[in-house]
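# A look at the structure
Here is how the chains run, residue by residue.
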Amino acid sequence: MFTYPTNLKFEADNGCQFTLAINSYYEERISTETEEQWFRGFAFLPLLWLINFIWFFRQAFKVEPYPQQAEIRKYVIRSAIGTFIWCIIIIAWNIIFQQLRTRLGPAGDYLTFVVPRGYY
């Protein structure tokens, strides 16, 4: 498994040394990305919340603690809750529509892509 380097040390020609902390930038970028995807999920994109939950689950719960992890965990949990609520809504709509399509008359037919033959 690939691990990101925590610090890169450089030495200039004049002997000056400096350290670049990549890990903090990487953690901050993950935090920003989870927040952006969570807000984008409100545009009726529950699949994006599911991807956000799956993609960042390991960073939120499985790695050793770091400063931005609490914020990442917050958005990962919210994404999971949002996905669950959307799945319940879609399943409920599907069941209700299938049960009541014939009672809706022409409106039920307009909402249907393929009108099944049957009784009215």
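This section reports on the structure supplied with the text. (Residues numbered from 1 in each chain as written. Predicted model: local features only at pLDDT ≥ 70, side-chain atom pairs only at ≥ 80, totals over all residues. Heavy atoms only, no water.)

## Looking at the overall build of the protein
Looking only at helices and strands, one finds 4 helices and 2 strands in the protein. Starting at the N terminus, the α and β elements of the protein follow one another as β-β-α-α-α-α. Within the protein, buried positions represent 23% of all 120 residues. Residue pairs at least 24 apart in sequence account for 33% of intrachain contacts in the protein once pairs closer than 6 positions are excluded. Only carbon and sulfur atoms are counted for the fraction: they give 65% of the accessible area of the protein, which is about 9500 Å². (Helix = DSSP H or I, 4+ residues; strand = E, 2+ residues; numbered from the N terminus. Buried < 20%, exposed > 50% of the residue type's maximum accessible area, 1.4 Å probe, protein only. Contact = heavy atoms within 4.5 Å. Areas by Shrake-Rupley, 256 points an atom, 1.4 Å probe, with all protein chains shown as cover.)

## Remarks on the packing of aromatic side chains
A ring pair, where both rings are aromatic, is described by two values, the distance of the centres and the angle of the planes. As enumerated under the stated definition, the model contains 8 aromatic pairs in all. For the ring pair W38 and Y75, a centre distance of 5.4 Å and an interplane angle of 55° mean the geometry is tilted. Taken together, the positions of W38 in helix 1 (residues 22-40) and Y75 in helix 3 (residues 69-100) put the pair 37 residues apart, joining distant regions of the chain. Both residues of the pair, W38 and Y75, count as buried. When the ring centre of W38 is taken as origin, the NZ or CZ atom of R78, which lies over that ring, is 5.0 Å away. (Phe/Tyr/Trp six-rings, centres within 6.5 Å; stacked < 30°, edge-to-face > 60°. Lys NZ or Arg CZ within 6 Å of the ring centre and 35° of its normal.)

## Observations concerning the nonpolar core
Counting residues in each nonpolar core, the largest one holds 6 residues, listed as I30, F56, A60, Y66, I72 and V76. Contributions of two or more residues to this core are made by helix 2 (46-61) and helix 3. Residues in contact with I30, not counting those within four places in the same chain, are F56, Q59 and I72. (Core = buried A, V, L, I, M, F, W, Y, C linked by side-chain atoms within 4.5 Å.)

## Focus on the environment of Q98
As for its position among the elements, Q98 is in helix 3. Given the relative accessible area of 59%, Q98 is considered exposed.

## Some thoughts on a nonpolar patch on the surface
Nonpolar side chains collect at one region of the surface, where F57, F61, I77, I81, F84, I85, I88 and I89 lie side by side and expose about 720 Å² of accessible area between them. At the level of elements, helix 2 and helix 3 are the ones that each hand at least two residues to the nonpolar patch. In terms of residue count, the dominant contributor to the nonpolar patch is helix 3 (6 residues). (Patch = residues over 30% accessible without salt bridge, like charges linked within 9 Å, V, L, I, M, F, W, Y side chains within 5 Å. Salt bridge = Lys/Arg side-chain N within 4 Å of Asp/Glu carboxyl O.)

## Examining the side chain of Q69
Here Q69 lies in helix 3. Side-chain polar atoms of Q69 contact the backbone oxygen of A60, separated by 3.0 Å. In this structure, Q69 is in contact with Q59, A60, F61, V63 and E64, ignoring residues within four places of it in sequence. (Polar contact = N/O pair within 3.5 Å; in protein donor to acceptor, adjacent residues only side chain to side chain.)

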